[in-house]
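# A look at the structure
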Amino acid sequence: MRTLGYFIGTFAVALVLGIGSAWYMIERGSPLTTVKAGPWESWLSEGNPHADPYTKAHLARSGRLPLTSTAARYFVAHADDQGSSLTSSCEYLIIGSPLNARWWSLAVYDDYGALIDNPSGRHSFNSEEAIRRADGTFHVTLARNARPENWLPSGTEHRRGLTLMLRVYGPRDTDVLGIGQIPVERLPKIERGACE
Amino acid sequence: MRVNLPGLYIALGLVLAGLIHIVAVLTLPLLAPRNAQARLAELGPVNTMIQLPAPAPGRQVMPMIAPDVRYATCHFDLANGPVRVRARGADDLWLIAFYTPEGDNFYTVAGSDMKTNEIDMVISTADQSVAEADVDAPEAFDNIVVINSPTTEGIVLIRAPLAGPSGAARAEQALKTTSCGPHSVARSSP
């Protein structure tokens, strides 16, 4: 009887450990599959026919259809530079450096990857339209209410979770495998401002 | 020899956890909700180019779709022969990507790699001939990109990133000139 109890206990622990570790490595990534730099995360083998099972599972869950890393790089952020989750209750100053690529775009979504309704109909800034400063950097303010320069609206709703995605098409620097290289110090800084 | 009982249970637990981990990772793609490629494939008939609506709140074909890119897609089926995809108004920002039904991006043509803004492609399986009917001159083939698909069905997704504020109308107009359809193949030599 006691042995049976031990067996059931062992099985329950194994179930939690097995599913938990699988969920974590698929949802959050691991050094095997993802590059992390500050709040930004990038899955290196997304879309690649030879991708590992973790990347394939991650992609299947995301419902996206990305280009491979030789044609484009995608960086996703759910948090600011301090590690706090992005929310529509706060304002953020996003400071970006020039990126060596044919085209890039910084877009905002809610936690489910849906575009956020707003009166100005703006959901992103790309390399062709972002207002740049004299030093080549661009400052985007992610806020609910209108801001000067590049204003990225986070909608009217309070406490909405936000996700930022930086897509870089045709990166010009590549490694020997042809994978587009974006130096991590070039990724935009996300500074939290006032919160409501 | 005495067997250390707690040690045995820990070892058993770890082996079991490992097995459950592997099964979970491998089955998750099968259990996932409707994926992007299935959604795109259902937008219309096969071998037809379909323009996606401009991404807007409540009008997204895929989660995290780029709001400043215009898309066109073709669900190709090579069962009855090769399929031809043409884009006449492509600019050098365009990316024409080919996917298997599993979402593997097996080939990408970048507009910037092309000499002209007219991109002509033929998708075929490895054992299909793409020689055109009634065409003797092989040089006519010079500008055609032949793409071998690892699967008989798949998805072509054309991305037209917007260049500047007036880019949307231009990109949408240019995507209208893209086409997807059966490629005429020589059945017998004269």
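Throughout this document, residue positions are counted from 1 along each chain, in the order its sequence is written. Lettering of chains starts at A and numbering of ligands starts at 1, both following the order in which they are written. Restriction of local features to residues with pLDDT of at least 70 applies here, the model being predicted, together with a cutoff of 80 or more for giving and counting side-chain atom pairs; totals for whole chains, interfaces and linings are based on all residues.

Only DSSP runs of H or I with at least four residues qualify as helices, and only runs of E with at least two residues qualify as strands; both kinds are numbered from the N terminus onward. Along chain A, the regular secondary structure elements total two helices and ten strands. With C-beta atoms placed from the backbone, a residue is labelled by how many other C-beta atoms lie within 10 Å of its own: buried for 20 or more, exposed for 12 or fewer, partly exposed between the two. Among the 196 residues that make up chain A, the fraction classed as buried is 40%.

This part takes up unusual backbone geometry. Here A:Glu149, not a glycine, exhibits a phi torsion of approximately 65 degrees, which is positive. Checked against the element boundaries, A:Glu149 lands in the loop between strand S7 (138-143) and strand S8 (150-153). Here the phi dihedral of B:Asn47 falls at roughly 55 degrees; this positive angle occurs in a residue that is not glycine. Within the element layout of this structure, B:Asn47 appears in the loop between helix H2 (36-41) and strand S1 (49-51). Judged by local crowding, B:Asn47 falls into the buried class, with 20 C-beta atoms found within 10 Å.

In this section: the sheet that holds strand S5 (residues 101-110) of chain A. Residues and elements named next belong to chain A. Any two strands with at least two DSSP bridges between them are considered paired. Spatially, the six strands line up as an open sheet ordered S1-S2-S3-S9-S5-S6, and their pairing is antiparallel. Among the strands making up the open sheet, the edge pair consists of strand S1 (34-37) and strand S6 (124-126). In this sheet, adjacent strand axes meet at a mean angle of 20 degrees when their direction is disregarded. The sheet contact formed by strand S2 (residues 40-43) and strand S3 (residues 72-77) spans two bridges and is antiparallel. Note that in S3 the partner of Trp40 across the bridge is Ala77. Whenever a helix is involved, its axis is fitted only over the stretch in contact; in every case the axis is a line through C-alpha atoms, and angles between N-to-C directions fall within 0 to 180 degrees.

Two residues qualify as a contact pair if the distance between their C-beta atoms, derived from the backbone, is within 7 Å. Each partner contributes to the interface: chain A provides 48 residues, whereas chain B provides 46 residues. Residue assignment for the side of chain A that touches chain B shows that the elements contributing at least two residues are helix H1 (2-27), helix H2 (53-62), S5, S6 and strand S9 (162-171) of chain A. At twelve residues, H1(A) tops the list of elements feeding residues into the side of chain A that touches chain B. Here the nonpolar group is Ala, Val, Leu, Ile, Met, Phe, Trp, Tyr, Cys and Pro; Asp, Glu, Lys and Arg are the charged ones; every other residue, Gly included, is treated as polar. Of the residues in the side of chain A that touches chain B, the class split is 27 nonpolar, 13 polar and eight charged.

Looking now at the domain arrangement of chain A. Residues and elements named next belong to chain A. When the domains of chain A are assigned, the result is domain 1 (1-30) and domain 2 (33-195). The straight-line distance from the C-alpha centre of domain 1 to that of domain 2 is 34 Å. Taken together, the contact between domain 1 and domain 2 spans four residues of the former and eight residues of the latter. Grouping the constituent residues of the side of domain 1 that touches domain 2 by class yields two nonpolar, two polar and no charged. In this document the domain limits rely on a domain assignment from an automatic tool or a database.

What follows is about the domain arrangement of chain B. Once the domains are mapped, chain B shows domain 1 (1-32) and domain 2 (36-182). Computed over C-alpha atoms, the centres of domain 1 of chain B and domain 2 of chain B are 44 Å apart.

Residue and element names in this part refer to chain B. Along the polypeptide, Val146 turns up in strand S7 (residues 144-148). Separated by 38 residues in the primary sequence, Val146 and Thr108 have C-alpha atoms spaced 12 Å apart. Setting aside chain neighbours within four positions, we find Val146 in contact with Val122, Ser124 and Val130.

With that out of the way, let us pick up the packing of H1(A) against helix H1 (residues 5-31) of chain B. Two elements in contact, H1(A) and H1(B), have axes separated by 7 Å at closest approach and are oriented at 40 degrees. By the angle between their directions, the pair H1(A) and H1(B) is classed as oblique. Helix-helix and strand crossings are classified by hand; for H1(A) and H1(B) the assignment is right-handed. Contacts between H1(A) and H1(B) involve A:Tyr6, A:Thr10, A:Phe11, A:Val13, A:Ala14, A:Leu15, A:Leu17, A:Gly18, A:Ile19, A:Ser21, A:Ala22 and A:Ile26 from the former and B:Tyr9, B:Leu12, B:Gly13, B:Leu16, B:Ala17, B:Gly18, B:Ile20, B:His21, B:Ala24, B:Val25 and B:Leu28 from the latter. A class-by-class count of the residues in the contact of H1(A) with H1(B) yields 17 nonpolar, six polar and no charged. In these notes the angle categories are as follows: under 35 degrees is roughly parallel, over 145 is roughly antiparallel, 65 to 115 is roughly perpendicular, and the rest is oblique. Handedness of a helix crossing follows the sense of rotation of the near helix relative to the far helix, less than a right angle counterclockwise being left-handed and clockwise being right-handed.

What follows covers the sheet that holds strand S3 (residues 83-87) of chain B. Consider a sheet: its strands pair through backbone hydrogen bonds, and that pairing is either parallel or antiparallel. All names here are of chain B. Taken together, four strands build an open sheet; the order of strands is S7-S6-S3-S9 and the sheet is mixed. Strands with a single pairing partner mark the edges of an open sheet, and in this sheet they are S7 and strand S9 (179-182). Each neighbouring strand pair of the sheet contributes to a mean axis angle of 20 degrees, computed without reference to strand direction.

Below, the discussion takes up the nonpolar core. When buried Ala, Val, Leu, Ile, Met, Phe, Trp, Tyr and Cys residues are joined through C-beta atoms within 7 Å, the set is termed a nonpolar core. Core analysis: the biggest nonpolar cluster contains 78 residues, and A:Val108, B:Leu95, B:Ile96, B:Ile123, B:Val156, B:Leu157 and B:Ile158 have the highest contact counts within it. The greatest single-element share of this core, amounting to six residues, is contributed by S5(A). In this structure B:Ile158 touches B:Tyr71, B:Ala72, B:Ala87, B:Trp94, B:Ile96, B:Leu175 and B:Thr178, once residues within four positions along its chain are discounted. Residues A:Tyr54, A:Leu59, A:Ala60 and B:Ala17 belong to the second largest nonpolar core, which totals twelve residues.

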